[in-house]
Amino acid sequence: MLSKGSGWLMIIGTPITVLGTVFLIYTYDEVIRRTVVPLSEELVRCALCGKLTPRVAGINPEDTICSRCKKEVSRGIRRMKKKKRL
Ligand SMILES: [Zn+2]
């Protein structure tokens, strides 16, 4: 009696587990897509190198620069400040 019962559970349980896993992967994928898309939807060209970069809210698209150029600009400003001191 007991072995018969667990056998039925196995038959019913396996597709449910598979469906559950597929559902989890699907919802996870959907969540990732939803969090990524709003960022990549508004792409503007970097004012310095022309590379596509996500638009920053509150900043004019013409003045938007990518994170790489931002780093280089800040490094350049720091260098200029050092030169002025010397
Ligand atoms: Zn750039």
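The text that follows walks through the structure, step by step, so that each part is easy to find. (Residues numbered from 1 in each chain as written. Predicted model: local features only at pLDDT ≥ 70, side-chain atom pairs only at ≥ 80, totals over all residues.)

Take the overall build of the chain next. Helix and strand content of the chain: 2 helices and 2 strands. Starting at the N terminus, the α and β elements of the chain follow one another as α-β-β-α. Within the chain, the proportion of its 86 residues that are buried is 2%. (Helix = DSSP H or I, 4+ residues; strand = E, 2+ residues; numbered from the N terminus. Buried ≥ 20, exposed ≤ 12 C-beta atoms within 10 Å, placed from the backbone.)

Glancing now at helix α2 (residues 67–85). With 19 residues, α2 extends 27 Å from end C-alpha to end C-alpha; this agrees with the ideal 27 Å at 1.5 Å per step. Taken across its 19 residues, α2 has 0 buried, putting it largely on the surface. (Expected span 1.5 Å × (residues − 1).)

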